[in-house]
Amino acid sequence: MFLQGLLLGFSIAAPIGPVGLLCIQRTLARGRLAGFVSGLGAATADAVYGLVAALGLRAIAHAILGVQHWIQLGGAGFLLWLGVQTWRQPVQEPGNPIRPATGLVAAFGSVFLLTLANPVTILSFMAVFSGLGATTKDFDSAPALVAGVFLGSALWWLLLSILADALRQRLAGSARRWVNRLAGTCLVAIAAWILIGLRSIGIR
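Residues numbered from 1 in each chain as written. Predicted model: local features only at pLDDT ≥ 70, side-chain atom pairs only at ≥ 80, totals over all residues. Heavy atoms only, no water.

1. Focus: the overall build of the protein chain
A count of helical and extended segments in the protein chain gives 9 helices and 0 strands. Listing the helices and strands of the protein chain from first to last along the sequence gives α-α-α-α-α-α-α-α-α. A buried classification covers 43% of the 204 residues belonging to the protein chain. Nonlocal contacts in the protein chain, meaning residues at least 24 apart in sequence, comprise 92% of its contacts between residues at least 6 apart. Element-wise, carbon and sulfur atoms account for 71% of the exposed surface of the protein chain, whose accessible area totals about 10000 Å². (Helix = DSSP H or I, 4+ residues; strand = E, 2+ residues; numbered from the N terminus. Buried < 20%, exposed > 50% of the residue type's maximum accessible area, 1.4 Å probe, protein only. Contact = heavy atoms within 4.5 Å. Areas by Shrake-Rupley, 256 points an atom, 1.4 Å probe, with all protein chains shown as cover.)

2. Some remarks on a nonpolar patch on the surface
A cluster of nonpolar side chains, Leu 155, Leu 158, Leu 159 and Ile 162, forms an exposed patch at the surface whose accessible area comes to about 290 Å². Positionally, Leu 159 belongs in helix H8 (residues 142-168). Looking at Leu 159, the relative accessible area reads 39%, which means it is partly exposed. (Patch = residues over 30% accessible without salt bridge, like charges linked within 9 Å, V, L, I, M, F, W, Y side chains within 5 Å. Salt bridge = Lys/Arg side-chain N within 4 Å of Asp/Glu carboxyl O.)

3. Observations concerning the packing of aromatic side chains
Applying the stated rule across the entire model yields 2 aromatic pairs. Ring centres 5.6 Å apart and planes at 85° place the aromatic pair Phe 10 and Trp 156 in the edge-to-face group. In this pair, Phe 10 sits in helix H1 (residues 2-13) while Trp 156 sits in helix H8, placing the two residues 146 residues apart along the sequence. By relative accessible area, which is 28% here, Phe 10 ends up partly exposed. With 6.2 Å between their ring centres and 5° between their planes, Phe 108 and Phe 112 make a pair best called stacked. Placement of the pair is Phe 108 and Phe 112 together in helix H6 (residues 101-116), with a separation of 4 residues, close to one helical turn. (Phe/Tyr/Trp six-rings, centres within 6.5 Å; stacked < 30°, edge-to-face > 60°.)

4. Here's the deal with the packing of H1 against H8
One can describe the packing of H1 onto H8 by two numbers: an axis separation of 6 Å at closest approach and a directional angle of 40°. In terms of orientation, H1 and H8 fall into the oblique class. For the pair H1 and H8, the crossing hand works out as right-handed. For the pair H1 and H8, the contacting residues are Phe 2, Gln 4, Gly 5, Leu 6, Leu 8, Gly 9, Phe 10 and Ala 13 in the first and Ala 144, Leu 145, Ala 147, Gly 148, Val 149, Leu 151, Gly 152, Ser 153, Leu 155, Trp 156, Trp 157 and Leu 159 in the second. Its residues placed into classes, the contact of H1 with H8 shows 14 nonpolar, 6 polar and no charged. (Axes fitted to C-alpha atoms, helices over the stretch in contact; angles between N-to-C directions. Parallel < 35°, antiparallel > 145°, perpendicular 65-115°, else oblique. Left-handed = near helix turned anticlockwise from the far one by under 90°. Nonpolar A, V, L, I, M, F, W, Y, C, P; charged D, E, K, R; others polar.)

5. Some words on the confidence of the model for the protein chain
Any region with low pLDDT has predicted coordinates that should not be read closely. Put simply, the protein chain has an average pLDDT of 77, and 76% of its residues get 70 or more. Mean pLDDT across the secondary structure elements of the protein chain bottoms out at helix H7 (residues 121-132), with 67, and peaks at H8, with 89. (pLDDT = per-residue confidence, 0-100.)

6. Concerning the packing of helix H2 (residues 18-30) against helix H5 (residues 68-88)
Axis separation between H2 and H5 bottoms out at 12 Å; the angle between their running directions is 20°. In terms of axis orientation, H2 runs roughly parallel to H5. Crossing angle aside, the handedness with which H2 passes H5 is left-handed. Residue-level contacts link Pro 18, Leu 22, Gln 25 and Arg 26 of H2 to Leu 79, Leu 82 and Thr 86 of H5.

What follows is the structure, given as structure tokens:
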């Protein structure tokens, strides 16, 4: 079950979306540690949803999905704010110390909340875990499965932050500043797309 969870966590984290964009941007702007810690926020949120699915807590899952549009609305607003902050964020020159631990806590927490704002992810976990036979009160296999999901996701974010940091060493400060602005613009555009989609289904 652990290896299955490892592969699942890696495959769910791998597609590049808003979280991947933030991880890359933060690595380019502030260094590998900031990008990796941001990714750990996503890995932790994946583990939370994975735990709910693995333990077969359908009542909690359905309660979350029942208000998913409102959660997504809050997530879109938060993403919009992150986009503006990313556009304005100063770059960290290579070799200079990374911002203090409070900055890393904020990096982790912001991505954790952003990932939780996509409750549809829990449907993917429930479908896969059900196929693995791990959602029917199989409490013995759940911890290994969820640990695998977390570590698989964390492995992806580590690899992505290493690759982005290698690129960071080759980019001048002005180029990384434009990366911030491009990433911020993309995040704002994604938030606007989500809001338009929610409006089309009657969310005001």
